[in-house]
Amino acid sequence: MPKKKTNVSLIDEYIEKIKTEKKVSEGTIKTYKNIGTNLPFNLLSSQPTIIKKLKELYDNANTLQLYLNMIILVRRHNEEETDKLIKFRNSLRDEIIEARKKNLDSLDDILPTPSYIREQLENLNGIRYILNYLMIEHALRNKDINLKFVKSLPENKTENYLMLKGKNVILDINDYKTEDKYGTKEIKISNEKFVNEIKKMKLNDGDYLLPMKNGDKIKNTSTFNDKILNLTIDKLGQNKLVKIMIKDLLNNKSYDKLEQMSKDRGTSLDILLKSYNLHNGEK
């Protein structure tokens, strides 16, 4: 009987397979490898064994779902059965939805009001105004804001670009969380203060909006996220800022703006209303 492959080799084989089929982010590869390294049982063990071990190891439904997603994909690649694992994963949905609602409800009690956020935004200048504006008005994630200033777009677009065009700023976003689903996002910003703050930065062709000290692009995700967090209003971070603004748009029945936020973020309106809607936590 052939010896079972190790989790590390199973994950490596699966990563090589999906690399040939689509672009895979470094974050995804790191997550997969961590799962392969940390699980104390073989991914090709029997389904009841895997379910039993996962229940013993983890209480959090989101964590269980994350691990199950990966295990199911690897087992499919190796033509192993997944029916019981899928059934277990599906059973976690109600628990995840209830936990999300509780989290949103408790968050709603402590977050500042939209009017406070907008007032703070208008008192900002420079890079702090630019970053917070992009989160508040366009619901952009941190990764989207890793922007390179260019005078014209390159033929082969591999990054996120920022251009001045007449009285507008154009964002051409290609490297972001849901790029495989939504493709290039183009955002045109005509807000006078935003355009002026960009001009004041006096960026040269090829400069990054938020660079390393030597001017290079910040490639380390944690470093970039920490830098962004410290520049957001009251260090709230983009996730909380987006939640505050979505609740405000719903309160004011600003559905056109909600659709625009959904498009700019690259997130379906359904997900936006489930995961970023503070009203979703209300009884």
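Residues numbered from 1 in each chain as written. Predicted model: local features only at pLDDT ≥ 70, side-chain atom pairs only at ≥ 80, totals over all residues. Heavy atoms only, no water.

(A) Expanded view of the pairing of strand β4 (residues 185-189). Taking every second residue as pointing to the same face, the buried face of β4 carries K185, I187 and I189, while none of E186 and K188 on the other face is buried. The pairing of strand β3 (residues 168-173) with β4 spans five bridges and is classified as antiparallel. The residue of β4 that forms the bridge with D172 is E186. (Buried < 20%, exposed > 50% of the residue type's maximum accessible area, 1.4 Å probe, protein only. Helix = DSSP H or I, 4+ residues; strand = E, 2+ residues; numbered from the N terminus. Pairing = 2+ DSSP bridges.)

(B) Geometry of the side chain of Q238. Here Q238 is to be found in helix α12 (residues 237-251). With a relative accessible area of 13%, Q238 lands in the buried category. Leaving out residues up to four positions away in the same chain, Q238 has contacts with M135, L140, R141, N142, T232 and R265. (Contact = heavy atoms within 4.5 Å.)

(C) Molecular detail of the nonpolar core. The biggest cluster of nonpolar side chains holds 45 residues, and the ones touching the most others in it are L134, I145, L162, L171, F194 and L209. Each residue touching I145, except ones within four places of it in the same chain, is listed here: L131, L134, M135, L140, L209, F224 and I228. Residues L10, L39, F41 and I50 belong to the second largest nonpolar core, which totals 27 residues. (Core = buried A, V, L, I, M, F, W, Y, C linked by side-chain atoms within 4.5 Å.)

(D) The environment of K188, seen in detail. By the secondary structure assignment, K188 is in strand β4. Classification of K188 by relative accessible area gives exposed; the value is 58%. When residues no more than four places from it in sequence are discounted, the contact partners of K188 are N168, V169 and I170.

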